[in-house]
Structures are given as structure tokens and as C-alpha cells.
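Working through the structure, step by step
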Amino acid sequence: MLEHIIELCLPTIISACELMGIFVVAVTAAHAFWLYCAGMVTRRPRNIKFRLADGLATSLEFKMAAEILKTVLVRDLNELMVLGAVILLRALLSLLIHIEMKGERQEGEGPRENSTESKGT
């Protein structure tokens, strides 16, 4: 009985998680593009890469949640191997994005510290 309910509800939940991930990517990309265009006009520096990477990392988390939920529906070993490979690739992408974000954050903090020190003297 419970297994039947799970098999009926889970595909909808999985699709919702994937749609949330897609929505986050689309909104983040549109916002980053808007900031890029605004930066081209105003010539003010903006931290677009960090915001875009943050949105991509968030969307990957939604997509990985969907993949983890898919493990409940797996019927044979081949499906499990494909699902494991997809989860591994998404986890690797998430790790790389977080490393990139850490590098962007450190680059962004460096000049601010120097500029505040030079203003005080």
C-alpha cells in the first residue's frame, strides 16, 4: 500500500524538484545578464560571477535532491549505476562551483582590505 502511494507521488515530487532547479538557473542567469548589461552602461564593477555561481550551486542542489529521490524508484542495477554516475557528476560540479565561489570571494575581499587601509593613512 505505502509502496504504491510512493510510486504515484514520487514522480511528481521529482519533477517539481527538477523544475525548481531549472527555475533557479533561469532566474539567476537572467539576473546576472541584467547586472552585466547594467555594469557595461554604468562602468561600475559588479560581482556577477559570484552571484551566478551561487545560483548554479543552488540549482544543482535541487537537481541532486531529485536524483536522490529517484534512487527510491530504481528497479535494476543498470539504472542504479547510471543514477550513481549522474549524482557523482553533479556533486563534482557542485564542488567545483563552490571552489570557484571561494576564489571569487577571496578576490573580492582582497582589494577592499587594501583600499580601507590606504584610506586610513
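Provided above is the structure to which this section pertains.
Residues numbered from 1 in each chain as written. Predicted model: local features only at pLDDT ≥ 70, side-chain atom pairs only at ≥ 80, totals over all residues. Heavy atoms only, no water.

1. Observations concerning the pattern of salt bridges
One pass over the full model with this rule turns up five salt bridges. Salt-bridge contacts for Glu 18 lead to Lys 70; the nearest nitrogen and oxygen are separated by 3.0 Å. With Glu 18 in helix H1 (residues 2–42) and Lys 70 in helix H2 (residues 48–70), this pair connects stretches of sequence that are 52 residues apart. What makes Lys 70 partly exposed here is its relative accessible area of 27%. Here Glu 67 ties to Lys 70 by a salt bridge, and the two come within 3.5 Å at their closest N and O atoms. Taken together, the residues Glu 67 and Lys 70, both in helix H2 and three residues apart, mark about one turn of the helix. Among the charged side chains, a salt-bridge network with shared partners connects Glu 18, Glu 67, Lys 70 and Arg 90. (Salt bridge = Lys/Arg side-chain N within 4 Å of Asp/Glu carboxyl O. Helix = DSSP H or I, 4+ residues; strand = E, 2+ residues; numbered from the N terminus. Buried < 20%, exposed > 50% of the residue type's maximum accessible area, 1.4 Å probe, protein only.)

2. As for H1
Taking 1.5 Å of rise per residue, 41 residues should cover 60 Å, and H1 covers 58 Å from first to last C-alpha, within 8% of that figure. The largest bend along H1 reaches roughly 30° and is located at Cys 9, with the proline Pro 11 sitting one to four residues downstream. Inspection of H1 places Leu 10, Ile 14, Cys 17, Glu 18, Gly 21, Val 24, Thr 28, Ala 32, Leu 35, Ala 38 and Gly 39 among the buried residues, and these make up the whole buried set. Buried positions along H1 lie against H2. Arg 43, located one to two residues past H1, shows a positive phi value of around 65°. (Expected span 1.5 Å × (residues − 1). Bend = angle between axes of the 7 residues up to and from the residue. Contact = heavy atoms within 4.5 Å.)

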